[in-house]
Amino acid sequence: MDYRILGRTGLNVSRVGFGASPLGAEFGEIDTREGERAVHRAIDEGINYFDVAPYYGRTLAETRLGRFLFGRRAKVVLASKVGRYDITDFDFSARRVRLSVEESLVRLKTDHLDICQLHDVEHAETDRLIEEIIPVLYRLREEGKVRFVGITGYPVAVLRRILERADVDTVLSYCRYDLLDTSLQEVLLPVARDRGVGVINGSPLHMRALTDTGAPDWHPAPRRVVDACARAARLCAEEGGSLSELAMEFALANRDISVTLVGMSKVRHVEANVAALERHSDPSLLERVVALLEPVRNVVWMEGRPENDDPGAVPKRTLGLERNDGRSGGGRQP
Ligand code: NAD
C-alpha cells in the first residue's frame, strides 16, 4: 500500500480508502460475512482509511462497520459525518450535530471520530454552516470526541467557497475526479493546497457508471452520460480490458489527492482496487475511452439548494423519488 499525508491533519492515509456505504445495504442487501471479510482484507492489505455516515443504510453501515472493526479500531483512521440522515432529511442544527456524534460513537464502538464531516453541505445554508455549525465541531474537538473537522458534498463551487472562508481540515467531493469529471482538480485542489486542507476523492467509479456492469437505474447522471459509459464498457470488453480497472487506475494516478474512496463490501473488489495502484492498462485503450467520453465530460447535475449548484448543472435523471421541482431528494445517493 502507498500512503499520503492528509493535509494539515498530518494523518498518514492509504491512497485507497474503504467507502463503507455498501455495508449499509445502500445499494441492495449484501452478504454480511463477506462484508466483514472485505473489511479485514482491506486492513490486511494496508487500507487504513474508512469512511462512513449515519445516512448510509440509515445507521446500518455504522453499526456493521463498528462490529467489523472490533479489536482493530486503533489501526484505522475513522471518518464519519453529521447533518444528513435520509434522502431528504437534513439537520445541521447544533443540537442534532452533537447528538449525532454521540450516537455514531456508540454504533462505531469508539470514543472518538478521527474525522467528523458535515455531510453534503450543498443542502445547508452556507453562512449558517460557517458561523454556527463548524464552531460546534470545534467544540467537540476540544472535548476529544473528534480529532479533525471536514466538509463533504457534490458541487465543488460551494465546497471551495467554504474552504475560502472557514477553517476546516479536510474536504471530500464525489464523482468529481474520475474518467468523466475532473473538476475537483481544477476547482478544489488549488485552494485546498494553499490552505493545507486534505483532499478526499469519493466515487472513482462515478457511482458505478464507470463499471463493466453499468450504472444502476437510480443513477442521477443524464441518460447520454450513462449511455456513453455503457459504450466505453463495451469497447473495453472488446479489447480484453475492463472499464472498472481503467477508472480506478485513472483516479489513483492523481498524486495530489490523498485518498480515493471506493465503495466496497466484497473481498474481490478490495483486491482489485488495491491492485489498481500498481496496474498499468493499455495506454491506447485509455486514450480511446477518454476520447469516447469526451462529449459528456464534466456534465454535472443539480444537487442541494439552487444557489449551491455548480455552473451549468442539469436536472437529475432519477426514477421515482424526486420532489415536484425535480431537484435533489430524488434517487439514491451515497
Ligand atoms: P464508487 O464509485 O466508489 O462505486 C462503488 C460501487 O462500485 C460499489 O458499491 C461496488 O458495487 C462497485 N465496485 C467497487 N469496486 C469495484 C471494482 N473493482 N470493480 C467493479 N465494481 C466495483 O461509489 P460510492 O460507493 O458511491 O463512493 C465511494 C465512497 O465514497 C462511499 O462508500 C462513501 O464512503 C464515499 N462517498 C461520500 C459521499 C459524501 O460524503 N457526500 C458521497 C459519495 C461517496
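Structural data are supplied above this passage.
Here's a quick rundown of the structure. Computed from a prediction, not measured in an experiment: that's the story for all the values here.

Some details on the layout of surface pockets
No. 1: By volume, the largest pocket is sized at about 1,000 Å³.
No. 2: Forming the walls of the largest pocket are 44 residues, and the residues nearest its centre are Pro22, Leu205, Arg208, Gly263 and His269.
No. 3: Counting only elements with at least two residues in the lining of the largest pocket, the list comes to strand E8 (170-174), helix H8 (243-252), strand E10 (259-263) and helix H9 (267-275).
No. 4: The biggest single contributor to the lining of the largest pocket is H9, with four residues.
No. 5: Of the residues assigned to the lining of the largest pocket, the class counts are 17 nonpolar, 15 polar and twelve charged.
No. 6: In this structure, the second largest pocket occupies an estimated 250 Å³ of space.
No. 7: For the second largest pocket, the lining is made up of 15 residues, of which Glu249, Ala253, Ala276, Arg279 and His280 are closest to its centre.
No. 8: When contributions to the lining of the second largest pocket are tallied by element, the ones reaching two or more residues are H8 and helix H10 (283-293).
No. 9: For the lining of the second largest pocket, the leading source of residues is H8, giving four residues.
No. 10: Considered class by class, the residues forming the lining of the second largest pocket number eight nonpolar, two polar and five charged.

Things to note about the nonpolar core
No. 1: Phe18, Phe50, Leu65, Leu118 and Val289 are the most contacted members of the largest nonpolar core, which has 100 residues in total.
No. 2: Counting residues per element, this core draws most heavily on helix H7 (residues 223-238), at eight residues.
No. 3: The residues contacting Leu118, other than those within four sequence positions of it, are Val82, Phe92, Leu129, Ile133, Ile134, Leu137, Gly150, Ile151 and Thr152.

A few points about the packing of H7 against H10
No. 1: H10 packs onto H7 with a crossing angle of 160° between their chain directions and a minimal axis gap of 9 Å. Taken together, the axes of H7 and H10 are roughly antiparallel relative to one another. For the crossing formed where H7 meets H10, the hand is right-handed. From H7, Ala228, Cys229, Arg231, Ala232, Leu235 and Cys236 reach across to H10, where they touch Leu285, Arg288, Val289, Leu292 and Leu293.
No. 2: Looking at side-chain class alone, the contact of H7 with H10 contains nine nonpolar, no polar and two charged residues.

Let's talk about empty space enclosed by the protein
No. 1: Considering all chains together, one arrives at one cavity of 30 Å³ or more under this definition.
No. 2: If you go around the largest cavity, the residues you meet are Arg15, Ala251, Leu252, Asn254, Ile257, Ser258 and Thr260.

Describing helix H3 (residues 94-107)
No. 1: With 14 residues, H3 ought to run about 20 Å at 1.5 Å a step, and its terminal C-alpha atoms sit 20 Å apart, in line with that.
No. 2: Within the sequence span of H3, burial applies to Arg96, Val97, Ser100, Val101, Ser104, Leu105 and Arg107.
No. 3: Residues of H3 that are buried make contact with helix H2 (60-68), strand E5 (77-82), strand E6 (113-118), helix H4 (126-142) and strand E7 (146-153).
No. 4: Backbone geometry just after H3 places Lys109 at a positive phi near 55°.

Rules used in this analysis
Residues numbered from 1 in each chain as written. Predicted model: local features only at pLDDT ≥ 70, side-chain atom pairs only at ≥ 80, totals over all residues. Heavy atoms only, no water. 1 Å grid on protein atoms, 1.4 Å probe; cavity = no way out; pocket = protein on both sides within 12 Å on 5 of 7 lines; lining within 4 Å. Points joined across faces, edges and corners; volume = space filled by probe spheres on them. Helix = DSSP H or I, 4+ residues; strand = E, 2+ residues; numbered from the N terminus. Nonpolar A, V, L, I, M, F, W, Y, C, P; charged D, E, K, R; others polar. Core = buried A, V, L, I, M, F, W, Y, C linked by side-chain atoms within 4.5 Å. Buried < 20%, exposed > 50% of the residue type's maximum accessible area, 1.4 Å probe, protein only. Contact = heavy atoms within 4.5 Å. Axes fitted to C-alpha atoms, helices over the stretch in contact; angles between N-to-C directions. Parallel < 35°, antiparallel > 145°, perpendicular 65-115°, else oblique. Left-handed = near helix turned anticlockwise from the far one by under 90°. Expected span 1.5 Å × (residues − 1).

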